[in-house]
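# Observations on the three-dimensional arrangement
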Amino acid sequence: MSPDQKRFSQRVSLVAAVLLLVLLASPVHLVAQTPMPSRVTILVNDLGNDYFQVLSRSVRRTALEWFGNHVRVTVVSSGYDVERQRQQLNSLMAVEPSLVVLSAADPNALSAEVQALQALGHIVIAVDVQASGALITITTDNWDAGYRACQHLARALNAKGKVALLDGPPVSSISERLEGCQAALYYFTNVEVVDRENSGASYVGGIEAMSRLMSRNPDLDGVFSINDPAALGASAAATLQGRTDLLIASVDGSPAFAAALRESEGPLLTSAAQFPQLMGARAIVFGLQMLRTGNYTPQEHRIPVQLITRDNTDEFCEWQNCAGIDQNTSVP
Amino acid sequence: MTNLRQRSRVTILMMAALTLGLGIVGWWALQQTERTANEVQSQTLVNVSVILGLAERAAQIAALGPYIGESAVPFQLQAERRELEDRFDLLRNRVLTITDLAFRTEMQQKIQSLNDRFQQLTDVVEVELFIREDIRAIQFELSEWLRQLMQPGNDRIQSSNSLAVYTQFLQADFTQPYQAEHQIETVRQATLNSLEAITLEPGVLPILRELVNSSADKLQERARVNAQKTLLFASIRAESERLTESVQGFVARVQEDIASQREQITAAVQRGRLGIMLVSLLAFLSLLEGFWFMSRMTRDLKTVTDEMTQLADGSTEERELVIERKDEIGDLVRSFGVFRRASLDLVRLSGDLESQKRLLETVFNTINDGLSVFSSDQHLLAWNERYLELFELHGQDIYIGMPLRDVQQLMNQYPHKNYSLDRQLLDMDSINDLRAREAHLFERQYDSGKVIEFRSQPMTDGGFVTLYTDMTDRRAIESQLQQSQKMEALGQLIGGVSHDFNNLLAALVGNLQLLHTSDRLTDKDRTYAERAMGIAERGTHLVERLLAFARRQHLHPERVDVPALIEGMVDLIEYSVAPNVDVVLDLDDDAPETWIDPSQLENALLNLAINASAAMPDGGQLTLKVRATGHQVTDKIEVQVSDTGSGMSPEVMRRVWEPFFTTKAVGQGSGLGLSLVYGFVRQSGGDVLLESQPGKGTRVRLFLPRPGLNGPEQEDRAEVPVPPVVLSPRETVLLVDDDASVLQPLHDAMHYLGFGTRAVSSAEAALAWVTEHYETLGAVLTDVNLGGEISGVDLANQLELDFPDLPVVLTSGLPREHLEQYFRLQPHHRLLAKPVRLAQLNEVFQRES
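Let me sum up the structure you'll find in this document.

Analysis parameters
Residues numbered from 1 in each chain as written. Chains lettered and ligands numbered in written order. Predicted model: local features only at pLDDT ≥ 70, side-chain atom pairs only at ≥ 80, totals over all residues. Helix = DSSP H or I, 4+ residues; strand = E, 2+ residues; numbered from the N terminus. Buried ≥ 20, exposed ≤ 12 C-beta atoms within 10 Å, placed from the backbone. Core = buried A, V, L, I, M, F, W, Y, C linked by C-beta atoms within 7 Å. Contact = placed C-beta atoms within 7 Å. Pairing = 2+ DSSP bridges. Axes fitted to C-alpha atoms, helices over the stretch in contact; angles between N-to-C directions. Expected span 1.5 Å × (residues − 1). Right-handed = clockwise from strand over helix to strand, strands pointing away. Left-handed = near helix turned anticlockwise from the far one by under 90°. Nonpolar A, V, L, I, M, F, W, Y, C, P; charged D, E, K, R; others polar.

### Details of the overall build of chain A
Along the backbone of chain A there are 12 helices and 12 strands. The buried share among the 332 residues of chain A stands at 54%.

### A few points about the nonpolar core
Counting residues in each nonpolar core, the largest one holds 147 residues, and the members touching the most others are V124 and I125 of chain A. When residues of this core are assigned to their parent elements, the largest contribution, 16 residues, is made by helix α3 (residues 101-149) of chain B. With sequence-adjacent residues up to four places away left out, V124 of chain A is seen in contact with V100, L102, V114, L117, Q118, A131, A134 and L135 of chain A. Residues A548, L622, L746 and A779 of chain B belong to the second largest nonpolar core, which totals 88 residues.

### Observations regarding the sheet that holds strand β3 (residues 99-102) of chain A
All names here are of chain A. Spatial strand order, β2-β1-β3-β4-β5-β11: six strands in an open sheet with parallel pairing. Strands with a single pairing partner mark the edges of an open sheet, and in this sheet they are β2 (72-77) and β11 (299-303). Ignoring strand direction, the axes of neighbouring strands in this sheet form an average angle of 15 degrees. Note: strand β1 (residues 39-44) against β2, six bridges, orientation parallel. Within the sheet, the bridge partner assigned to T41 lies in β2 and is T74. Across the sheet, helix α3 (residues 50-67) is in contact with β1, β2, β3 and β4 (123-127); its angle to β1 comes to roughly 175 degrees.

### As for the sheet that holds strand β5 (residues 451-458) of chain B
Residues and elements named next belong to chain B. Reading across the sheet, the six strands line up as β2-β1-β6-β5-β4-β3 and stay open at both edges, with antiparallel pairing between neighbours. The open sheet has two free edges, formed respectively by β2 (380-383) and β3 (416-420), since each of these has just one partner strand. If you compare each strand with its neighbour and ignore which way they point, the axes differ by 25 degrees on average. With five bridges connecting them, β3 and strand β4 (residues 440-446) associate as antiparallel partners. Note on β4: the bridge partner recorded for H416 is Y446.

### Let's talk about helix α7 (residues 328-366) of chain B
A turn of α-helix holds 3.6 residues, and therefore any two residues three or four places apart point the same way. Its 39 residues give α7 of chain B an end-to-end C-alpha distance of 54 Å, which sits within 8% of 57 Å, the value for a rise of 1.5 Å per residue. When we look at burial in α7 of chain B, the residues that qualify are I329, V333, F336 and R340 of chain B.

### A short note on the pairing of strand β16 (residues 756-760) of chain B
Residue and element names in this part refer to chain B. One ladder, built from five bridges, connects strand β15 (residues 732-736) with β16; its direction is parallel. Within β16, the residue paired with L735 across the bridge is A759. Between β15 and its parallel partner β16, the chain crosses via helix α18 (residues 740-753), and the hand of that crossover is right-handed.

### What to know about the interface of chain A and chain B
Each partner contributes to the interface: chain A provides 19 residues, whereas chain B provides 14 residues. Listing elements by their share of the side of chain A that touches chain B, those giving two or more residues are α3 and β2 of chain A. The element contributing the most residues to the side of chain A that touches chain B is α3 of chain A, with four residues.

### Remarks on the environment of R816 of chain B
Residues and elements named next belong to chain B. Looking at where R816 falls in the secondary structure, it is placed in helix α21 (residues 816-823). Spatially, the C-alpha atoms of R816 and L555 are 9.3 Å apart, while their sequence positions differ by 261 residues. If we ignore the near neighbours within four places in the chain, the residues touching R816 are L825 and L831.

### With respect to the environment of P255 of chain A
Within the element layout of this structure, P255 of chain A appears in helix α10 (residues 255-263). Overall, the presence of 17 C-beta atoms within 10 Å leaves P255 of chain A in the partly exposed class.

### Some details on the packing of α3 of chain A against helix α11 (residues 276-293) of chain A
Residues and elements named next belong to chain A. Two numbers describe how α3 lies on α11: the axes approach to 7 Å, and their chain directions differ by 35 degrees. The hand of the α3/α11 crossing is right-handed. Of the residues in α11, those in contact with Y51, V54, L55, S56, S58, V59, T62, A63 and W66 of α3 are P276, Q277, M279, G280, A281, A283, I284, V285 and L288. Across the contact of α3 with α11, the residue classes tally to 13 nonpolar, five polar and no charged.

Here it is as structure tokens:
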């Protein structure tokens, strides 16, 4: 086992232990006495993205496990349309207080709706990205994700070369990743950020953006992508143009990325893996806890990331079937 | 045109006008072209660029269609929508720049229409995306439900299959809306029916049914939206095509515009070209005319210039230039003709002047006289070489402008005196002032003997010219001539006097002889008579010496070896000179003999030696020198007698040969010594030269003739004695003499000798008597100089012709040579020297025995 893999395993074990303690410490009577929310609504941006699928599934299953089968778990997708998401939030005003797991299309635009819902007794749990006004925020440590991905990229480039950034929609998770990446590259004086292109955080956008970057910078050495779909698209574009020597670092750690790492010798280097399943499970657990304790102090949680590389893909606990997490979240 | 200036001015003005015209035409053509080009640029090109932009934008917008249609996520669509709106805005702005109003409106309408279609498309696509997300959400829930239903140990697996199929069906895409509607309804009904068949927990069925129904509704909606999208795509394509067609139509119009404008430009250029060509042609013709005019002018000018050059080179060829022009060049030619004639005249004149000047310079420099010119303020203006030579000046000492005073200062380095013509001493300073006003003639005598004559002549414009003549030689010659004339006159005088005196002496001696022969004389008387006869004899000697000076003495020249002669008389000379005088002989023993009377030569040398000794009272050296010389007359023997005595002044030298001139005290010298030497040497055919310097000594040079000059006859003749005349007793002798005092003693003497005589006083009387008394006449004794026209010699010759047997004896006091020279005495003539002595008569006249 490499040191990375060892650390990875240790961290997973630690997280599992903490969760276990929390769950075990929660008195059964609390569960019984506390009125269970009859409804959990999940608002995501793109159900075509596996990440959101995993996140939504984790929320739904955790809610079913904790609140029983009578809880109504509804998933809606905004398609990254703020107005649509606003309508979706407004439609919740009419129902009884519930848990609202919100992956916001815009971190600030929905502040009024979030606060109005919470005033009606709803608990809004912001996941993946911050949502202004939400009582609970659970995100990946996006800055650290960007930092570690780019640190690894710079080292792989022998601390020297030209690097481009694949940008994405203006959400906090993406901007934090970029900040982290740039902070890491700052220490490598011979690694130069030469260009930047918006990928739309999608596979197709990644292909397009990468094509433009390569035509503008023929001597490009490395690319940092804000997520895996865009990274995979960029990898496809680079491979098509014969630039398999390029190195691409990403954030997500999606199964598709891991599979691609395993299967090909392409430009993909590393991805800082997120844990959407863990994130979804925590959203329900922390929301339930807030309901039970009545402590409505806003809280924020960051989930650490783990780099997946060609060396550790085999040991990597994928999003969909991570045994440890399944176990730790299965029993309320 | 008659005026060159006018003509060239007109030519230049014409050229200028044509050039201006050319410029105007070119400018006009260019301006037209520029205007047309500007039109093209301002309208056509703008339109073209607008259209190109339009076409590009429209194509870009049209290309956006598929992107929009296939947008996967809403935020991407929104980005596309924004992009689309930006592009439409650009397109609208671009359309606003179209100048063609109708076309602009048309374009605006079409763009708006296209914009509307795109708006509809994005709306539809957005709806579709949302539907898709909704379907995905339902599908997510259904799949979750399905997963719950299909938990292991559940018997609902079989019946759940239709739900799983339905969940898959939700992902289907429907391109044919009408078929889709039916198909969806069928699937929905089937799924709902299959749900009824499943035993479910309470409350689950309505949820599932709702999920199926809502999803089916969404599917239906999606199918409709898809159909709408398809329609919109087609519509957008059509709109785009129409837009493109409009653009193409406009492009065609613009092309037509461009073509017409190009034609305009071409026409304008053509006009400009034609104009430029015409003006250029005119300018060329004008240039040609100008060139012809200029070349003619330069040719004529060259002709004139050549002539001038030839003239300048000195060609004096007379030739008339023929250039018939009435302009300035014509004037130039005519002026040049005048100028050339004047120049040639000038050249001739200056040539004449030059030769004149050369002549004058030559004369100036070659005349034997020195010449100087002084200005009125007595400054030297000019001089010649001879001037410097005469005054022994150096060229570097003399300069133009030198004051007269300085010049004379230079001349004063040699001591001299200035004399006027009348031998008055002159003061040079006073003369200098006069020289500028009047002519002056005077002499400068240098102590060295040099004499320079000044002939000063004032000039009309002030100053004076002076000619300097070296009179030294002339003065010497003149003085020599004067001397010889003087000596000649003296000779004549003394000769005449001596002759007469000789006659007197002859008469006296004759009478004294007769007296002496008288028996009646007492002894005392006889002593007186003898004493008188002695004095008469001394008188005769004196006369002889005078005659010697007058070159009338009787000489007896012979071949004489002078060195031997001198050697023979050295004792006598040494005895004659003072004891403190050394006698030095410098004799050329090879010197040829002379023809001279040796006793007279001895006498002369002795005289000279005594004179020399007298000049050396304090002693000295007397040199006698003999040598052959070619000096003066060839073939002379030079005898020099030189002393180291006191010498003589020029005044003394001038008179030293004169008889009775002596520097000795009265009574100490006769003053005849040197005269005798002079007369002897001259009579002998030689010459005498005296050289003396006061304080240095005197040298007398005698140039004696050599034998052969006078012929051997003379040598013999001198020896011939007078042949005796033999007379019969009854024959008489006719005595002829114009002087009665001579005739009487002669008559007495003849009678004393026993001859009867008859005396006549003239040649005519003698001839008359001879003719009458020839038979009784034995001889004729006649004087040569008879005072009349017929001389004694003439008489003798006449008698010789008439009476060849009659002997004639001539008498004369003059030497035979003199008589031969002056009286044509013949050698055969008998001659007796006067005064005729009794003894001579007795020898010549003899009685028949």
